[in-house]
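Close look at the chain arrangement
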Amino acid sequence: MATHARTANGGKPHFSRKRSTNDRLQKRKREQDEVTDLQARVNALDLKPTTPIAKFADLPLSDPSAAGISASHFTTLTDIQAQAIPLALKGKDILGAAKTGSGKTLAFLIPVLEKLYRAQWTEYDGLGALILSPTRELALQIFDVLRKIGRKHAFSAGLVIGGKAGFSLKEEAERLTRMNILVCTPGRMKQHLEQAAGFNADNLQILVLDEADRIMDMGFQREVDQLVEHLPKDRQTLMFSATQSKKVSDLARLSLKDPEYVSVHEAASHATPTNLQQHYIVTPLHEKLDTLYGFIKANLKSKIIVFLSSGKQVRFAYESFRHLQPGIPLLHLHGRQKQTARLEITHRFTSAKYSCLFATDVVARGIDFPAVDWVIQADCPEDVDTYIHRVGRTARYESNGKAVLFLEPSEEDGMLKKLEAKKIPIARVNVKENKKKSIQNSLQNMCFQNPDLKYLGQKAFISYVRAIQYQNDKSIFNLKKLDLDAFSKSMGLPGTPQIKFQKGEDVKKIKNAPRQGMSSGSESEMDMNGVKKPKDKKKDQVRTKYDKMFERTNQDVLSSHYSKMVGKSGDDDDDDDSEDDILAVKRRLDDSDLDNEASKGPTSNIKVVEGLGGQDPYVIDSKRREKALKSKKKMAKFKGMPTKMVFDDEGNAHPLYEMSTPADFQGAGAADEQRQVFVEDESKKVLEADVDDKERVRQRKREKKAKRKALERGESFVNDNNGDEDSAPQLVSGGDDDGDGHDPIAFMRSLPVAGEDSDAEPPKKKAKKWFQQDDSDADVDEQPKKKQKSKGKVFKMHEEPETLEDLEALATGLLDG
Ligand SMILES: Nc1ncnc2c1ncn2[C@@H]1O[C@H](COP(=O)(O)OP(=O)(O)OP(=O)(O)O)[C@@H](O)[C@H]1O
């Protein structure tokens, strides 16, 4: 697990100087006096001043904090800082709500540092402050701000965000015991408090929840509740968000004492920053990608974030647009990427001048990317809060920004009403006709040539449909109103993926399920990473051949997508959408069912046909395999080699040649005599069979001759004299099915049989060529004339092909002629 634990002083060692005891006592006294004085100034703070405090220098702050803030070039307080910091310094619990980009981070970090400073916190006091963030990226960002403004303090601080590489839980825990301030995601922190002996939070002074509404929602409920159990009740608690609620249940869960509600929204006329221009475009679902591509092409010299509803949508848009090379660096970010990749991408987008980042809501909250020009919501957000957080990635602090929301016609009315109710000023714009660009054909080509992309598209389609189906707000989202076939086509998919919805599921439960369990792979879950997955029962079981078969993948970049299409991968890179519980592509259902059902034994729905002839059993796990049962050819391999049997008088089957016992053999006489008898018997049988064969051949010849004559006379000929239907053709003149004078089946049967005419008239001399051009002397042949046309030339077939060479010659003649 990648874990980062650093100290707020930049990891510099503290050099202990030799001082006299007197010096030390004097220093301690001085510090004590400073703290007493600081506390007095804090106590004297007027919480309802006539003019709010404007500058950091006017706040009762410790020297190290003041120095760190000044060195970070912060001088003037923002509204939320001016209102929240004095209250927090006085030890109040706070519920803080302020617009995105309004400086909430400092509003809680400064009180954290001051609280510990005034408590004269040392490394021996253990964990004094815990700051929770819903995402790793946000935790990292908070940690960086803490390092900046806390640089003059001597506290140790750590970042606990889990990840895949790096320290084990144990190594991490050892380091954490020495930390005074921790910034972390809830899941990983809970794990430490539960599993790491020696690490405790009994002395915790202050708890902070950034994006508190998100941390307190169903997705993190369990982790937060369990974590809070490990924390002392007499602590200070600060909760901040741009979309804060006063939910009493949340306050009770966190044991907040008479919290102060600090909201700068209530005074504002809008819930979003005033320097943000907000627009929406109505674009049918099947034109969404075209509109998006057109938009990106028209804004190449910009920094853009495109929000999509799932990791698969992000991957598909990113991969397909990358192939189209719009002319701007493309990046993508979602919760299923490895920690290092996520941080690298975040860093690249932060430092980019022009770039387009496709992202899920993993970066919707709190992330402070500098100088973002546009926020595009290509998929409608699930609610207005998400809208507010997404658009908040631009127009931060005092900078300007623009946001565009794509609305499907069916979503327009519902969403606009909701936005209006929350005081969001948004205006409609239309895409210029000349800017419209269809990429459907290109996508179709790409999906055709690249199956990985096609599978990704199918998964993206499914995750989109699923997202719409399980949206809570039915006044906005209505699956029935969407033209899914057109949407699938617009993605370049060869057909519309079929989706099965399971009835009777508790939609709300399903929707939140992935977030609740750390294992289920939701976007949010990935954000608070590092929590151990519940033990996978299947891993403890013996893996069957079929398990292994479905685990096999190729090594392509996107092979994981394919494996997800056909079965469960079960690995960490599983889908954030976790749609398995709810719906599945039909193909997938079959295969993954096999995976599950195979282990269930006799009650399983999977049918197994025991192999014959020692072959492996044939498992009927899909319609295709069931159909194959009807094919003799496909089943032939399960039958093994045939053995000829003979039946005795009692009707018992015996092999054709049976080994007699030594006693029987000896009793039958001398070996030479026995062989002699055997040879004579067999020769007699051969002679008898020969007479029969000859008679049959003669009979056939007679019939053939009669047939030929009948044909010459133009009569129909029906063989009715020996009942051996296979031995002679049944030709009925005029009964042609293929339009060239011959019933195809009869024609095939009339091919000469080798040796058949051995004692009949010698065959006519074969023509040297199978075909000749129409203008040469026509061969007279009693066979019905067959005309073959090829490339404008007419050929006459003199005789029917007998051998492979003949057939080849026929083919060559046709092609070359
Ligand atoms: N007092 C200040 N003076 C100047 N810049 C500030 C001040 N406070 C914060 N900022 C800057 O404003 C930007 C936004 O701050 P911050 O990330 O804390 O916003 P936020 O309210 O937490 O936003 P969000 O709701 O999106 O999380 C940051 O770049 C930060 O450096």
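Residues numbered from 1 in each chain as written. Predicted model: local features only at pLDDT ≥ 70, side-chain atom pairs only at ≥ 80, totals over all residues. Heavy atoms only, no water.

Let me state the cut-off plainly: UniProt positions are given in the numbering used here, feature names are shortened, and annotations may be inferred rather than shown by experiment.
With an unreviewed UniProt entry as reference, the protein is termed ATP-dependent RNA helicase, source organism Emericellopsis cladophorae. If you open the UniProt record of the protein and go to Catalytic activity (unreviewed entry), you find "ATP + H2O = ADP + phosphate + H(+)".

**A look at a positive patch on the surface**
This is how the line gets drawn: Like-charged residues are merged into a patch within 9 Å and nonpolar side chains (Val, Leu, Ile, Met, Phe, Trp, Tyr) within 5 Å, provided each residue has over 30% relative accessible area and no salt bridge. Surface exposure here means Shrake-Rupley accessible area, sampled with a 1.4 Å probe, where a residue is shielded only by the protein chains that are shown. Throughout this description, the term salt bridge denotes a Lys or Arg side-chain nitrogen within 4 Å of a carboxyl oxygen of Asp or Glu. Positive charge is attributed to Lys and Arg, negative charge to Asp and Glu, and no charge count is given to His or to the chain ends. Charge positions come from single atoms, namely NZ of Lys, CZ of Arg, CG of Asp or CD of Glu. The numbering of helices and of strands both runs from the N terminus, where a helix is a DSSP run of H or I of at least 4 residues and a strand a run of E of at least 2. Three labels apply to residues, based on accessible area from a 1.4 Å probe with only protein chains included: buried if under 20% of the type maximum, exposed if over 50%, partly exposed otherwise in between.
A grouping of R624, K627, K630, K633 and K634 is seen on the molecular surface, where their side chains present a positively charged patch. Where the positive patch is concerned, the elements lending two or more residues are α25 (623–628) and α26 (632–636). Structurally, the position occupied by K627 is in helix α25. The exposure class of K627 is exposed, given its relative accessible area of 63%.

**Digging into the pattern of salt bridges**
Here the structure, examined in full by the defined rule, presents 23 salt bridges. Across the pair D379 and K288 runs a salt bridge whose closest N-O atoms are separated by 2.4 Å. Remark: K288 occurs in helix α11 (residues 288–298) and D379 occurs in the loop between β12 (374–377) and α14 (384–391); sequence separation between them is 91 residues. Put simply, D368 and R396 hold a salt bridge, and the shortest N to O gap is 2.4 Å. With a gap of 28 residues between them, D368 in the loop between β11 (355–359) and β12 and R396 in the loop between α14 and β13 (401–407) connect regions that are remote in the sequence. Taking relative accessible area as the criterion, D368 reaches 42% and is therefore assigned partly exposed.

**Some remarks on the sheet that holds strand β14 (residues 427–428)**
Defined as follows: Here, strands pair whenever DSSP counts at least two bridges between them. Note on contacts: a residue pair qualifies if any of its non-hydrogen atoms lie within 4.5 Å across the two residues. Orientation is described by lines fitted to C-alpha atoms, with helices fitted over the stretch in contact, and by angles between N-to-C directions that extend from 0 to 180 degrees.
With respect to topology, 7 strands assemble into an open sheet ordered β10-β11-β9-β12-β13-β8-β14, the strand pairing being parallel. Every interior strand has two partners, whereas the edge strands, β10 (330–333) and β14, have only one. When β10 meets β11, the two strands line up parallel, connected through 4 bridges. Note that in β11 the partner of H332 across the bridge is F358. Across the sheet, helix α13 (residues 339–351) lies against β9 (303–307), β10 and β11, angled at about 135° from β10, the strand it touches most.

**Some details on the packing of helix α3 (residues 79–89) against helix α4 (residues 104–118)**
Inclusion rule: Angle categories: roughly parallel below 35 degrees, roughly antiparallel above 145, roughly perpendicular from 65 to 115, and oblique for all the rest. For a crossing to be left-handed, the near helix must be turned anticlockwise from the far one by less than a right angle; the clockwise case is right-handed. Each residue receives one of three labels: charged for Asp, Glu, Lys and Arg, nonpolar for Ala, Val, Leu, Ile, Met, Phe, Trp, Tyr, Cys and Pro, and polar for the others, Gly being one of them.
Two elements in contact, α3 and α4, have axes separated by 9 Å at closest approach and are oriented at 20°. As judged from the angle between their axes, α3 and α4 are roughly parallel. Taken as a pair, α3 and α4 cross one another with a handedness that is right-handed. In this structure, α3 uses I80, Q81, A84, I85, A88 and L89 to contact α4, whose residues at the interface are K104, L106, A107, I110, P111, E114 and R118. Broken down by class, the residue content of the contact of α3 with α4 amounts to 9 nonpolar, 1 polar and 3 charged.

**Focus: the site of the ligand**
Condition: The nearness test applies per residue and asks whether one of its heavy atoms lies within 4 Å of the molecule or strand. Two N or O atoms count as a polar contact when they lie within 3.5 Å, although within protein this holds only if one can serve as hydrogen donor and the other as acceptor, and sequence-adjacent residues are included solely when both atoms are side-chain atoms.
Of all residues adjacent to the ligand, which total 19 residues, the nearest are T76, G101, K104, T105 and D368. A distance of 3.1 Å is found between a nitrogen atom of the ligand and a side-chain nitrogen or oxygen belonging to Y397. Its free accessible area being 630 Å², the ligand has 87% of it covered by the protein chains. The dominant element in the shell around the ligand, judged by the number of residues it contributes, is α4, at 3 residues. Of the residues contributing to the shell around the ligand, the split by class is 4 nonpolar, 9 polar and 6 charged.

**Details of the nonpolar core**
The condition that has to hold: Definition used in this section: a nonpolar core is a set of buried Ala, Val, Leu, Ile, Met, Phe, Trp, Tyr and Cys residues joined via side-chain atoms within 4.5 Å.
Membership of the largest hydrophobic core comes to 128 residues, with the highest contact counts inside it found for I181, F321 and F358. Element by element, the count of residues in this core is highest for α4, at 9 residues. In this structure, L130, I215, M239 and L251 belong to the second largest nonpolar core, which totals 27 residues.

**Here's the deal with the pairing of β9**
Most of β9 is tucked away, with 5 of its 5 residues classed as buried. Side-chain alternation along β9 places K303, I305 and F307 on one buried face and I304 and V306 on a second face that is also buried. Relative to β11, β9 runs parallel, the two sharing 5 bridges. In the strand pairing of β11, I305 is matched with L357. With 4 bridges connecting them, β9 and β12 associate as parallel partners. Bridging across to β12, F307 finds its partner in Q377.

**Concerning the packing of aromatic side chains**
The geometry of an aromatic ring pair is captured by two quantities: the separation of the ring centres and the angle between the planes. Rule in force here: Stacked, tilted and edge-to-face pairs are distinguished by plane angle, under 30 degrees for stacked and over 60 for edge-to-face with tilted covering the rest, among Phe, Tyr and Trp rings (Trp via its six-membered ring) whose centres lie within 6.5 Å. A ring is scored as having a charge over it whenever the NZ atom of a lysine or the CZ atom of an arginine sits within 6 Å of its centre and within 35 degrees of its normal.
Applying the stated criterion across every chain, the model contains 7 aromatic pairs. For the ring pair Y293 and F321, a centre distance of 5.2 Å and an interplane angle of 90° mean the geometry is edge-to-face. Highlighted residues: Y293 in helix α11 and F321 in helix α12 (residues 311–324), separated in sequence by 28 residues. You'll find Y293 and F321 in the same group, each marked buried. Between F295 and W374, the aromatic rings sit 4.9 Å apart at their centres with planes inclined by 85°, giving edge-to-face as the arrangement. Taken as a pair, F295 in helix α11 and W374 in strand β12 lie far apart in primary sequence, 79 residues in all. Here F295 and W374 have matching classes, each one buried. Through successive ring pairs, a cluster of aromatic residues spans Y293, F321 and F358. Positioned above the aromatic ring of F349 is the side chain of K303, whose terminal nitrogen or guanidinium carbon lies 5.2 Å from the ring centre. The ring of Y455 carries the charged tip of K454 above its face, separated from the ring centre by 5.4 Å.

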